[in-house]
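# Observations on chain architecture
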Amino acid sequence: MAYPYRDDRETTTILSRHMGEPEARSLNGWLERGGYEALRKAVAMEPDEITDVVKESGLRGRGGAGFPTGMKWSFMPSEPSGPHYLCANADESEPGAFKDREIMRWTPHLLIEGCIIAARAIRAQHVYIYVRGEFFPVIRILNQAVVEAYEAGYLGESVCESGWGCDLTVHIGAGAYIAGEETGLMSSLMGGRAEPWMKPPFPAQRGVFGAPTTVNNVETLASVPGIVMNGSAWYRGWGSEKSPGTKMWCCSGNLTKPGNYELELGLPLREIIDEVCGGPPEGRKVKAVLPGGSSTAFLTADELDCVTTYEGLQEAGSALGTASPIVLDETAEIVPAMRRIAQFYAHESCGQCVQCREGTAWITKILRRIEEGDGEPRDLETLYDLCDQLTGRTICVLADSVVFPLRSSLDKFRHEYEALMRRSPTVAT
Amino acid sequence: MSRRLHPAVAGAQPFQLAERDPDAPLFDSEESRERLEAILSRYPNKRAALLPLLGYAQEIHGWISTGDMEEIAEVLELTPAYVWSVASFYTMYNKHPAGRHMIQVCTNISCHLNGAPRVLEEFLEQTGTVEGETTQDGRFTVLEAECLGACGFATAVQINDEYHENVTPEKVAEILASLDGPQGV
Ligand SMILES: Cc1cc2nc3c(=O)[nH]c(=O)nc-3n(C[C@H](O)[C@H](O)[C@H](O)COP(=O)(O)O)c2cc1C
Ligand code: SF4
Ligand code: FES
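Residues numbered from 1 in each chain as written. Chains lettered and ligands numbered in written order. Predicted model: local features only at pLDDT ≥ 70, side-chain atom pairs only at ≥ 80, totals over all residues. Heavy atoms only, no water.

Time to look at the overall build of chain B. Of regular secondary structure, chain B possesses seven helices and four strands. Traced from its N-terminal end to its C-terminal end, chain B shows the element sequence α-α-α-α-β-α-α-β-β-β-α. In terms of its C-alpha atoms, chain B occupies a principal-axis envelope of roughly 50 × 35 × 35 Å. When the 185 residues of chain B are sorted by exposure, 55% land in the buried category. Considering only residue pairs separated by 6 or more positions, chain B has 66% of its internal contacts joining residues 24 or more positions apart. (Helix = DSSP H or I, 4+ residues; strand = E, 2+ residues; numbered from the N terminus. Buried < 20%, exposed > 50% of the residue type's maximum accessible area, 1.4 Å probe, protein only. Contact = heavy atoms within 4.5 Å.)

Written out as structure tokens, the structure is:
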């Protein structure tokens, strides 16, 4: 199952310690493992104290952008004039990412506990967990855990008999990647098409149902109970100054041992690929890696000595993203792989912005033409041109997401594109 | 099992893709009205209950007809056109009856790198259908899917509410045989 990479689970894991143990799913099993102790501690704390601990821990959002979590919470009004909401983003659909599903299916109470603590910190009375609709088995597990948490008094009118109340509702999506983008998620939660909106207003000012809202990723929220229980210095015992803690790494593609691994931030990328995941099968060589999922820039086999922190991967010209390295070995071809990625973004564009709606479709069409041997050299210039047009001009960053892998593939693997170009009719000499 | 659901999860029941009783109205029983009330109690306005109710329609009918949409529009005080515009945005809502076994093969990047296109072909060939269509006997619908969030277990295939992981072309026959009872009903 490939959970922790090293054997010393007790000391190096926070998120995955109880993965693979079906008993940990039930409330009793969870309590036996120290569950809800952090919540008991949190209900005795003031909201701002909780936010401060999370701020000091340096925890950064695990949904892709890496925004500091404590700082995000501190943007919420401290004197509420009406309801506040927390949305747990469980819409996981970025190609390459499959960590939130694992967290929810093995340790649903870890997420629920994190949600309640976060709700207290941001003064929210209601949490919505927006789960990707396809995750049927996970939804069943999560539902069961939520009902148990209500019955045991961890949710409801008086959390842990503190007099402070918090509700939680599981809400399921219905197949739309863009519902993972935070404003798209809120549009969807309000009963609409999952169309993102322009920021500002930021969610902390005006979010779901017009009220101040925080949107956090599942893994972010699941990291919170440990931090509250053990303190920020404990959390900073892993990782770097700017990227503290541990992270689930979802490793896929051409690998001997693909899977989810909880790792301290900052290992060399090469070590994750070669040692943790056993490299590509049958001793083949790595050709390229998308280190942070399908929306991050390609790195070549020569660029894998970078360290896997937010700053390390940025320096290497890519991004940590959702920490989902997709490995392409020497048998893989860049153009069809890139076409498949582009096809995904074209399919998932919500269609509000012309550049995104038309641009992603054109890119896919051109890539397909090249893949089928019908490309022309000037197509590459058109692709570069489209990269420029799609960057920074749209409501959300879905459009930018396709540019990172595309531009880097053109820069670094131009020869593979050129090798596929239609041979111009040979001129007799 | 009691159908009485905790309000926290009343709007989040996994879809059942197998058709049950396509003609039954959505809110004709005490049980269904309780479910409606439970769902409405979780949101500050009626519109927010739209996705949960579309999910409920699909759960009990296997797909969402225009009649269902009209009924939902009425209880939520929305126009049928609005309900349609939302329902059409989301790929999981079946606007037509689907096969008893809805087979979705992920062909996105990680699965693609692990031979997903051949798995899809094999499913199409063995069920004798084309992508997106349902077999004549109503048993199978085979679809090409986007990433199913199981990329480390490529190729990922979802059949109704179950995930099949590490699927190879060689495993397709066995999976298909396991779907129906021994008589292939
Ligand atoms: C196109 C797009 C899709 C996204 N999908 C997800 C997703 O599935 N899950 C997620 O947690 N964040 C996703 N995000 C990021 C969210 O917008 C948001 O930043 C995140 O949920 C915030 O949580 P965090 O601060 O805990 O990381 C997506 C962003 C974009 C632009
Ligand atoms: S960038 Fe694309 S997905 Fe994002 S709002 Fe615009 S059209 Fe929709
Ligand atoms: S790419 Fe197939 S499940 Fe993610």
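To continue, consider the site of ligand 2. Around ligand 2 sit I178, P196, S349, C350, G351, Q352, C353, C356, T394, I395, C396 and L398 of chain A, and that is every residue in its neighbourhood. The residue inventory of the shell around ligand 2, partitioned by class, reads eight nonpolar, four polar and no charged. (Near = heavy atom within 4 Å. Nonpolar A, V, L, I, M, F, W, Y, C, P; charged D, E, K, R; others polar.)

Turning our attention to the environment of L263 of chain A. With respect to the element layout, L263 of chain A can be found in strand β6 (residues 259-264). Separated by 156 residues in the primary sequence, L263 of chain A and A419 of chain A have C-alpha atoms spaced 39 Å apart.

The next subject is the interface of chain A and chain B. Of the residues lining the interface, 65 residues belong to chain A; the matching set on chain B comes to 49 residues. Taking both partners together, chain A and chain B bury about 4500 Å²; carbon and sulfur atoms supply 59% of that area. Counting across the chain A and chain B interface gives four salt bridges. In this structure, R140 of chain A and D161 of chain B form a salt bridge, with 2.6 Å as the shortest nitrogen-oxygen distance. The interface formed by chain A and chain B contains 25 residue pairs in polar contact (both at pLDDT 80 or more). Going through the elements one at a time, α6 (99-106), β2 (126-131), α8 (136-151), β3 (167-172), α9 (182-189), β5 (246-253), β9 (326-329) and α14 (334-348) of chain A are the ones with two or more residues in the side of chain A that touches chain B. Here the side of chain A that touches chain B gets nine residues from one element, more than from any other, and that element is α14 of chain A. Of the residues belonging to the side of chain A that touches chain B, the class tally is 34 nonpolar, 18 polar and 13 charged. (Buried area = accessible area lost by both parts, 1.4 Å probe. Salt bridge = Lys/Arg side-chain N within 4 Å of Asp/Glu carboxyl O. Polar contact = N/O pair within 3.5 Å; in protein donor to acceptor, adjacent residues only side chain to side chain.)

Residue and element names in this part refer to chain A. One can describe the packing of helix α16 (residues 378-390) onto helix α17 (residues 398-412) by two numbers: an axis separation of 9 Å at closest approach and a directional angle of 145°. Every pair of crossing elements has a handedness; the one defined by α16 and α17 is left-handed. Residues L380, L383, Y384, C387, D388 and L390 of α16 form the contact with α17, whose participating residues are A399, D400, V402, V403, L406, R407, L410 and D411. Broken down by class, the residue content of the contact of α16 with α17 amounts to 10 nonpolar, no polar and four charged. (Axes fitted to C-alpha atoms, helices over the stretch in contact; angles between N-to-C directions. Left-handed = near helix turned anticlockwise from the far one by under 90°.)

It is worth spelling out the site of ligand 1 at this point. All names here are of chain A. Neighbouring residues of ligand 1: 19 residues in total, closest G63, K72, E182, N217 and T220. Contacts to ligand 1 include E92, whose backbone N or O atom sits 3.5 Å from an oxygen atom. T220 is positioned such that a nitrogen or oxygen atom in its side chain is 2.7 Å from an oxygen atom of ligand 1. Starting from 620 Å² of accessible surface for ligand 1 in isolation, the protein chains cover 90%. Among the elements that line the shell around ligand 1, the one with the most residues is strand β4 (residues 213-217), at three residues. (Areas by Shrake-Rupley, 256 points an atom, 1.4 Å probe, with all protein chains shown as cover.)

Caution applies to low-pLDDT regions: their predicted coordinates should not be interpreted in detail. All names here are of chain B. On average, chain B scores 91 in pLDDT, and the residues at 70 or more come to 92%. Ranking the elements of chain B by mean pLDDT puts strand β4 (residues 162-164) last with 93 and helix α4 (residues 80-87) first with 98. Both scores are available for the predicted complex, with the pTM at 0.96 and the ipTM at 0.95. (pLDDT = per-residue confidence, 0-100.)

In this section: the sheet that holds strand β3 (residues 157-159) of chain B. Residues and elements named next belong to chain B. Strand order in this open sheet of four strands is β2-β1-β3-β4, and the pairing throughout is mixed. In this open sheet, the two strands that pair with only one neighbour each are β2 (140-145) and β4. Here the average twist between neighbouring strands, direction ignored, is 20°. Note that β3 and β4 share three bridges and pair antiparallel. When the sheet's bridge partners are listed, I159 is paired in β4 with E162. (Pairing = 2+ DSSP bridges.)

Let's shift gears to α9 of chain A. Taken across its eight residues, α9 of chain A has eight buried, putting it largely inside the fold. All of the buried residues along α9 of chain A are E182, T183, G184, L185, M186, S187, S188 and L189 of chain A. The elements touched by buried residues of α9 of chain A are α5 (69-74), β1 (85-90), β2, β3 and β4 of chain A together with α2 (50-61) of chain B. Of the residues one or two after α9 of chain A, G191 of chain A is the one with positive phi, at around 90°.

Attention now moves to the pattern of salt bridges. All names here are of chain B. Tallied over the full model, the rule gives 31 salt bridges over all chains. The salt bridge involving R4 is made with E34; its shortest N-O contact spans 3.6 Å. Placement of R4 in the segment before α1 (30-40) and of E34 in helix α1 is noted, with a sequence separation of 30 residues between them. Its relative accessible area of 61% is what places R4 among the exposed residues.

Grouped together as the largest cluster of nonpolar side chains are 174 residues, with contacts concentrated most on I112, I116, I129, V131, L383 and Y417 of chain A together with Y90 of chain B. Looking at this core element by element, the count peaks at 10 residues for helix α7 (residues 108-122) of chain A. Residues within four places of Y417 of chain A in sequence aside, it is in contact with I334, V335, M338, L367, I370, L380, L383, L406, S409 and L410 of chain A. Of all hydrophobic cores here, the second largest spans 22 residues; its members include L269, L299, Y310 and L320 of chain A. (Core = buried A, V, L, I, M, F, W, Y, C linked by side-chain atoms within 4.5 Å.)

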